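Structural characterization, general
The primary structure of each chain is shown beneath.
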Amino acid sequence: PSIHIKKIRQACNIVVVEIDEGDEKPYGSSSGYYRRLDAVTQKMTQREVRSLFRETDNISFEDIPCRDLSLKDISLMKVKSFLREANMSYKVSKANLASFLTSLSIYRKDKINNTGALMFSSKVKKFIPHAESIFASFKGTDKTNIYDSNDVKDDLLTQFNGAVAFLKKHLNVRSEIRGFDRFDIYEIPLDALREAVVNAIVHRDYAVKGTSIYVRIFDDRVEIENPGGLPNGITKRDFAKSSVRRNPLIADLFNRMGKVERMGSGIDRMRNLMRDAGLKEPVFEMDAFFRVTFYRDPRYSLKADSFEKVRATSEKTRGNTREKTREKIIRSLKANPEITMERLAKIVGISSKGVEWQINKLKEDGVIRRIGPAKGGHWEIVTG
């Protein structure tokens, strides 16, 4: 890992470089690993290196102190949002913030760990730049044509809410009347999708840089993917039978907020929800990434030909609206050649900028022209 230089100063003819003890041991160089014994620096043997890795292996990324993050960088608003989601009546303030974070195992020995940065820092991107979720919706069944996307580089609760909102935006919903009540039903059960999003956030390997959590929506399926395959200690044979949490602190916080059911039940819950909805069971893939795929119901999903029809209809509607707006403007200019832009905007029912754009287009098309200055002049209809 990179080292953090605390201070560089000069004492007479000597330069003093101060470096604090690191939190991500062991540290190595291109020529290997070294240790200091009294006044002697010795290169470590392979056995010593393996032993050192075993000693530090139980320190996960979420529990490593976040460099340069202090209490002043914690957002009270985000802490309060967490408290509301967790239905906790605790009144947090600057005075008791340290003790509250300590109770969550986030603040220890005057240092805030990476969990605190991911959940509560006011500027997550500043401290953990790769902590982001990327959402994309595609036309078709591959990644060729993207028609909507959103990148969320903020705390984990905001990423969760953003993912759910994006899914609701792009999935079809139908209404069913049961008795006297109407129920909105999404083509893929929202509870199953929420479970998958939480799973991606809780089990993501945050030590892996240069990648993100992904939510991809295609015409025939939805994919939710996170960096990091199965956690250490669990095999594909054990999958869905036992639970090993890669980030227990993050998992605990989402459990407090009621975003996850009983630990270890998420996979079966997703399967049961899809089965109850009459859909294919989700497909799970585990390599360097963990990916879950939900297949959309062909009766309700938007097919490519349907998409083209919707888009064509939308284009036709916009074209008709623009033509009607042009006609209104021309009629108004005929009735009152000295009319102002503000008055014209009120009559036509669009913004002043919209009127200016339409006027310029009419001038370019040779339909109207301006006689005299901006103030004191008037409009003349050339054609139309």
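A brief structural summary. (Residues numbered from 1 in each chain as written. Predicted model: local features only at pLDDT ≥ 70, side-chain atom pairs only at ≥ 80, totals over all residues. Heavy atoms only, no water.)

A separate point is helix 11 (residues 341-348). Among the residues of helix 11, Leu-344, Ala-345 and Val-348 are the ones counted as buried. Down the axis, helix 11 shows its buried residues gathered within 105° of arc, on one side only. Those residues of helix 11 that are exposed and aimed more than 90 degrees away from the buried face are Glu-342 and Lys-346. Backbone geometry just after helix 11 places Gly-349 at a positive phi near 90°. (Buried < 20%, exposed > 50% of the residue type's maximum accessible area, 1.4 Å probe, protein only. Helix = DSSP H or I, 4+ residues; strand = E, 2+ residues; numbered from the N terminus. Arc of directions from axis to C-beta.)

Judged by how many residues are buried, strand 7 (residues 133-139) sits mostly within the fold: five of seven residues are covered. Where strand 7 and strand 8 (residues 145-152) come together, seven bridges link them in antiparallel fashion. Residue pairing in the sheet places Phe-138 in a bridge with Ile-146 of strand 8. Bridge count between strand 7 and strand 11 (residues 213-217): five bridges; the pairing is parallel. Paired with Phe-135 across the bridge in strand 11 is Val-215. (Pairing = 2+ DSSP bridges.)

What follows concerns the sheet that holds strand 11. Ordered in space as 8-7-11-12-14-13, the six strands form an open sheet in which the pairing is mixed. Edge positions in the open sheet fall to strand 8 and strand 13 (283-286), since each of these has one partner strand only. In this sheet, adjacent strand axes meet at a mean angle of 15° when their direction is disregarded. Relative to strand 14 (residues 289-295), strand 12 (residues 221-227) runs antiparallel, the two being bridged by seven bridges. Residue pairing across strands places Ile-224 opposite Val-292, the latter belonging to strand 14. (Axes fitted to C-alpha atoms, helices over the stretch in contact; angles between N-to-C directions.)

Another point: the side chain of Thr-293. Here Thr-293 is to be found in strand 14. Among all residues touching Thr-293, those that are not within four sequence positions of it are Arg-221, Val-222, Glu-223, Pro-282, Val-283 and Glu-285. (Contact = heavy atoms within 4.5 Å.)

Bridging between strand 1 (residues 5-11) and strand 2 (residues 14-19) involves six bridges; their strand directions are antiparallel. Of the residues in strand 2, the one forming a bridge with Ile-8 is Val-17.

Looking now at the pattern of salt bridges. With the rule as written, the count across this model stands at 25 salt bridges. Between Glu-18 and Arg-9 there is a salt bridge, with its nearest N and O atoms 3.2 Å apart. You can call Arg-9 partly exposed: its relative accessible area is 42%. As a salt-bridge pair, Lys-361 and Asp-365 come within 3.3 Å of each other at their nearest N and O atoms. Linked through salt bridges whose partners overlap, the residues forming this network are Arg-216, Asp-220, Arg-221, Glu-223, Glu-225, Glu-285 and Arg-291. (Salt bridge = Lys/Arg side-chain N within 4 Å of Asp/Glu carboxyl O.)

This paragraph deals with the environment of Val-49. Secondary-structure assignment places Val-49 in helix 1 (residues 46-56). By relative accessible area, Val-49 is classed as buried at 15%. Sequence-wise, Val-49 and Pro-26 are 23 residues apart; in three dimensions their C-alpha atoms are separated by 8.2 Å. Those residues within four positions of Val-49 in sequence are excluded, and the remaining contacts are Tyr-33 and Met-44.

Take the environment of Phe-61 next. Positionally, Phe-61 belongs in the loop between helix 1 and helix 2 (76-85). The exposure class assigned to Phe-61 is buried, which follows from its relative accessible area of 19%. In this structure, the C-alpha to C-alpha distance between Phe-61 and Glu-24, residues 37 residues apart in sequence, is 9.0 Å. Not counting the four nearest positions on each side in its chain, Phe-61 is found in contact with Asn-114, Ile-128, His-130, Tyr-206 and Ala-207.

This brings us to a nonpolar patch on the surface. A surface patch of nonpolar side chains, amounting to about 560 Å² of accessible area, comprises Ile-3, Ile-5, Ile-8, Val-15, Val-17 and Ile-19. Looking at the nonpolar patch, the elements that each hand over two or more residues are strand 1 and strand 2. Here the nonpolar patch takes three residues from strand 2, the largest share from any one element. Locating Ile-3 in the fold gives a position in the segment before strand 1. (Patch = residues over 30% accessible without salt bridge, like charges linked within 9 Å, V, L, I, M, F, W, Y side chains within 5 Å. Areas by Shrake-Rupley, 256 points an atom, 1.4 Å probe, with all protein chains shown as cover.)

Our focus in this paragraph is unusual backbone geometry. If you check the backbone angles, Asn-87 has positive phi at about 55° while not being a glycine. Relative to the helices and strands, Asn-87 is located in the loop between helix 2 and helix 3 (97-103). Here Ser-105, not a glycine, exhibits a phi torsion of approximately 65°, which is positive. Tracing the backbone through its elements, the reader meets Ser-105 in the loop between helix 3 and strand 5 (107-108). What makes Ser-105 partly exposed here is its relative accessible area of 28%.

Among the nonpolar cores identified, the biggest contains 66 residues, and Ile-224 and Phe-294 are the most heavily contacted of them. At nine residues, helix 7 (residues 190-203) tops the list of elements feeding residues into this core. Excluding its chain neighbours within four sequence positions, the residues that come into contact with Phe-294 are Ile-188, Ala-192, Leu-193, Ala-196, Asp-220, Arg-221, Val-222, Ile-224, Met-270, Met-274 and Pro-282. Core analysis: the next-biggest nonpolar cluster, separate from the first, contains 13 residues, Leu-333, Ala-345, Val-355 and Ile-368 among them. (Core = buried A, V, L, I, M, F, W, Y, C linked by side-chain atoms within 4.5 Å.)

Just geometry here; none of it tells us what the structure is for.
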